[in-house]
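Fold and geometry: a report
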Amino acid sequence: MPIRRDDRDRYVEVELRRGEEPLWLRCGSCGELVFRRKLQENSYICPRCGAYFFLTAEERIAALVDEGSFEDLTLPLESDDPLSFSDRKPYADRLKEARGSTGLSDAVVVGRGRIEGRKVILAVMDFRFIGGSMGIVAGEQLAFAMERAVEERVPFLFVVASGGARVQEGVLSLLQMAKTVAARERLAEAGVPYIAVLTYPSTGGVMASLASLADVTLAEQGALIGFAGPRVIQQTTGEKPPPGFQRARYALEHGLVDGVVPREGLRQELARLLRVLEGVPSG
Ligand SMILES: [Zn+2]
């Protein structure tokens, strides 16, 4: 039996996986070596200490939707480095590396699927892709997903894992905040429900726009939720943030989210919500 903590606040960073998938993964929290298959069956929760492993978009989708129901709708788009940006490394190289290590074209995967039989259009972020940051392509994928949801009159589910805006695309990445919010407005006009699931981390420009505008907002237990990180806030205000600051439970107590759900219960909770929302007249 996994050890259950009341307020699980630890996520374990798994090294970016390249090429061959290792059979064993080491828990960064307790050091236990866990068989991948066993971890998979346990919702990527360490069976020894209960820490959560990061999920890729693919793993998250597999954990949420009915087997065999997922249909990938991600648009075949790639960022073309509009500012020819370079910091320690040219942005073009970062993109190439991220594409190579994740097999994704950008940080958002869009698709159609069913959760316990109920249809959803989902957009799932992959934190491995440049910190799940939202640039032009991610913004376009999100807007596209919401358009699909409106057209098909199917609830929109957004699973957030993001450090914020894609700084390498400058103001063009900030524009995505307005763009996704406008698309969200069309969902509201059409009376199509929007559910957000905030995971570790849900921060920056994504949290300051689309991620905080859902009809129902759930946080995965242990999620980090905020705009700037605690260190930046402390440096700016000169005050030490309170304990548990920006964690899922804190967000719940302060009204930012509607519920905190342990990872293993997320699918069931979403199914319940979709069932409830089905009965709500739209428009
Ligand atoms: Zn562990």
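Scroll up to find the structure.
Below or above, wherever it landed, is the structure these notes cover. Since the model is a prediction, treat every value here as computed from it, not as a measurement.

Attention shifts here to the environment of tyrosine 52. Relative to the assigned elements, tyrosine 52 resides in strand S4 (residues 52-53). Here the alpha-carbon distance between tyrosine 52 and leucine 39, two residues 13 residues apart in the chain, equals 10.0 Å. Only 2.9 Å separates the side chain of tyrosine 52 from the backbone nitrogen of arginine 263, close enough to count as a polar contact.

Next up on the list: the environment of phenylalanine 245. Position of phenylalanine 245 among the secondary structure elements: in the loop between helix H7 (230-237) and helix H8 (248-253). With 29 residues separating them in the primary sequence, phenylalanine 245 and valine 216 have C-alpha atoms 21 Å apart. Beyond its immediate sequence surroundings of up to four residues, phenylalanine 245 is in contact with Ile233 and Tyr250.

Before going further, it helps to spend a moment on the pairing of strand S10 (residues 216-220). Most of S10 is tucked away, with five of its five residues classed as buried. Side-chain alternation along S10 places Val216, Leu218 and Glu220 on one buried face and Thr217 and Ala219 on a second face that is also buried. In the sheet, strand S9 (residues 194-202) pairs with S10 via four bridges, with the strands oriented parallel. Along S10, the bridge assignment pairs leucine 198 with alanine 219.

When two helices pack together, their arrangement is given by the angle between the helix axes and by the axis-to-axis distance. The contact between helix H2 (residues 57-64) and helix H9 (residues 266-278) brings their axes to 8 Å, and the two run at 60°. When the axes of H2 and H9 are compared, the pair comes out oblique. Contacts between H2 and H9 involve Arg60, Ala63 and Leu64 on the former and, on the latter, Leu266, Arg267 and Leu270.

What counts and how
- Residues numbered from 1 in each chain as written.
- Predicted model: local features only at pLDDT ≥ 70, side-chain atom pairs only at ≥ 80, totals over all residues.
- Heavy atoms only, no water.
- Helix = DSSP H or I, 4+ residues; strand = E, 2+ residues; numbered from the N terminus.
- Polar contact = N/O pair within 3.5 Å; in protein donor to acceptor, adjacent residues only side chain to side chain.
- Contact = heavy atoms within 4.5 Å.
- Buried < 20%, exposed > 50% of the residue type's maximum accessible area, 1.4 Å probe, protein only.
- Pairing = 2+ DSSP bridges.
- Axes fitted to C-alpha atoms, helices over the stretch in contact; angles between N-to-C directions.
- Parallel < 35°, antiparallel > 145°, perpendicular 65-115°, else oblique.

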